[in-house]
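What the coordinates show
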Amino acid sequence: MKISGGTTEMGDMMTADLQHRSLDDLVRRRLRGWPQKPPGALDSLKQKGIWMRARPGEPDTVTHPFLRLPGSNRLRTVPDGLWLHFSPDPADAYVDILCIEACSTLQNLLDKRSRFAPSTTSLLAVCPVAWLTAPLQADDPLPRWRRIKLLRQAPEEPLVLPVRDVRVLYGLKTRQYDGFARTQMPQAHEYFCPMDALTDADGASNPAMQALIARASGAANFMRLP
């Protein structure tokens, strides 16, 4: 049976889409096993609050934090991995974020990089009520909002916080990673790793990954802190 060029092209696109989805799913499954505090994240005067893993959450729960721009309630940014560092001071409430994005193609990388490009507007982190009132872990009944210390009572509305600092770790397939590392310069908030480091079942305990995330910190930009 002869297959037309258009049919073949459509089949290739469907195959690539399925591979992309399966890779994203694998990365999310691995990241779900990472700790609440990003592995290797520094304890410093620059970040004295608490870290929480916002995404990926439990697979049977659909209510997780997301990112958006002010005034835009429909367009959301939903990273494969999202860690939130909450300010400890209710009078100066903000979050720092560490995002992890798996990019199966260069076009996918370009699209995701554009979402975190420097902007004159503030990125917002939205924490839904159901996420705030749920326990941090199944064996600990204390709800998240009690740990964050920015709220004095159980929330009835989502907690929306300005993002103070953005760091993004992109995972690339080996060939694309090697080419990007040889020829491209990252932005100040961007970090890169081979995709294998994210699909590794023991990725969180990888010393190289921990060292990379340690460098993805505001404290790492200073010669010394007071």
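Above this text is the structure in question.
The notes below deal with the structure included here. Counting starts from 1 at the beginning of each chain's written sequence and moves along it residue by residue. A pLDDT threshold of at least 70 governs which residues receive local features in this predicted model, and a stricter bar of 80 or more applies before side-chain atom pairs are shown or counted, although totals over entire chains, interfaces and linings include all residues. Side-chain numbers here rest on the full set of heavy atoms in the structure, without hydrogens or water.

1. Quick look at the state of the cysteines
Here, the term disulfide refers to a pair of cysteine sulfur atoms separated by no more than 2.5 Å. Applying the stated criterion across every chain, the model contains zero disulfides. Summary of cysteine pairing: Cys103 is not part of a disulfide, and the nearest cysteine sulfur, belonging to Cys193, is at 9.6 Å.

2. Here we look at unusual backbone geometry
Negative phi values dominate among residues other than glycine, just as trans dominates among peptide bonds. The step from Arg55 to Pro56 runs through a cis peptide bond, and the omega angle for that step is -5 degrees. In this fold, Pro56 is placed in the loop between strand 1 (50–55) and strand 2 (66–68). Of note in the backbone geometry, Lys149 takes a positive phi value of approximately 75 degrees without being a glycine. Relative to the assigned elements, Lys149 resides in the loop between helix 4 (144–148) and strand 8 (159–172). Counting from the N terminus, the helices are DSSP H or I runs at least four residues long and the strands are E runs at least two residues long.

3. Here's the deal with helix 7 (residues 207–215)
Accessibility here uses a 1.4 Å probe with only protein chains present; expressed as a share of the type maximum, an area under 20% marks a residue as buried, one over 50% as exposed, and anything in between as partly exposed. Among the residues making up helix 7, those that are buried are Met209, Leu212, Ile213 and Ala214. Where the residues of helix 7 are buried, they touch strand 4 (95–103), strand 8, strand 9 (190–194) and helix 6 (195–199). Any pair of residues with heavy atoms lying within 4.5 Å of one another is described as a contacting pair.

4. Overview of the packing of aromatic side chains
Classification of ring pairs uses Phe, Tyr and Trp, with its six-membered ring standing for Trp, and accepts pairs whose centres are within 6.5 Å; under 30 degrees between planes counts as stacked, over 60 as edge-to-face, and the remaining range as tilted. One pass over the full model with this rule turns up three aromatic pairs. Where Tyr170 meets Phe192, the ring centres are 5.4 Å apart and the plane angle is 25 degrees; that geometry is what we call stacked. Placement of Tyr170 in strand 8 and of Phe192 in strand 9 is noted, with a sequence separation of 22 residues between them. Assessed through its relative accessible area of 0%, Tyr170 is described here as buried.

5. A closer look at the pattern of salt bridges
Between Lys or Arg on one side and Asp or Glu on the other, a salt bridge is scored when a side-chain nitrogen of the former is within 4 Å of a carboxyl oxygen of the latter. Counted by the stated rule, this structure contains 10 salt bridges. Residue Arg28 pairs with Asp80 through a salt bridge whose shortest N-O separation is 2.9 Å. With Arg28 in helix 1 (residues 5–31) and Asp80 in the loop between strand 2 and strand 3 (81–86), the pair connects residues that are 52 residues apart, well separated along the chain. For Arg28, a relative accessible area of 28% translates into the label partly exposed. Of the residues examined, Asp80 reaches a relative accessible area of 3% and is grouped as buried.

6. Let's talk about the side chain of His189
Assignment of secondary structure puts His189 in the loop between helix 5 (174–183) and strand 9. Each residue touching His189, except ones within four places of it in the same chain, is listed here: Phe116, Pro118, Val166, Arg167 and Val168.

7. A few points about the pairing of strand 3
Burial analysis of strand 3 places six of its six residues in the buried class, which makes it a mostly covered element. The side-chain alternation of strand 3 yields two buried faces, one formed by Gly81, Trp83 and His85 and the other by Leu82, Leu84 and Phe86. Criterion used throughout: strands pair if DSSP finds at least two bridges between them. Taken together, the six bridges between strand 3 and strand 4 define a ladder with antiparallel strand orientation. Across the sheet, residue Phe86 finds its bridge partner in strand 4, namely Val95.

8. A closer look at the nonpolar core
Grouping buried Ala, Val, Leu, Ile, Met, Phe, Trp, Tyr and Cys residues that are joined through side-chain atoms within 4.5 Å yields what is termed a nonpolar core. Core analysis: the largest hydrophobic core is formed by 29 residues, its most contacted members being Leu67, Leu84, Phe86, Ile97 and Trp131. Mapped onto this core, the elements with two or more residues apiece are strand 1, strand 3, strand 4, strand 5 (124–127), helix 3 (129–133), helix 4 and strand 8. Sorting elements by how many residues they give to this core places strand 8 first, with six residues. Not counting the four nearest positions on each side in its chain, Trp131 is found in contact with Met52, Arg53, Ala54, Thr63, His64, Pro65, Leu84, Phe86 and Arg144. Ranked by size, the runner-up nonpolar core spans 21 residues in total, among them Val27, Leu31, Trp83 and Leu169.

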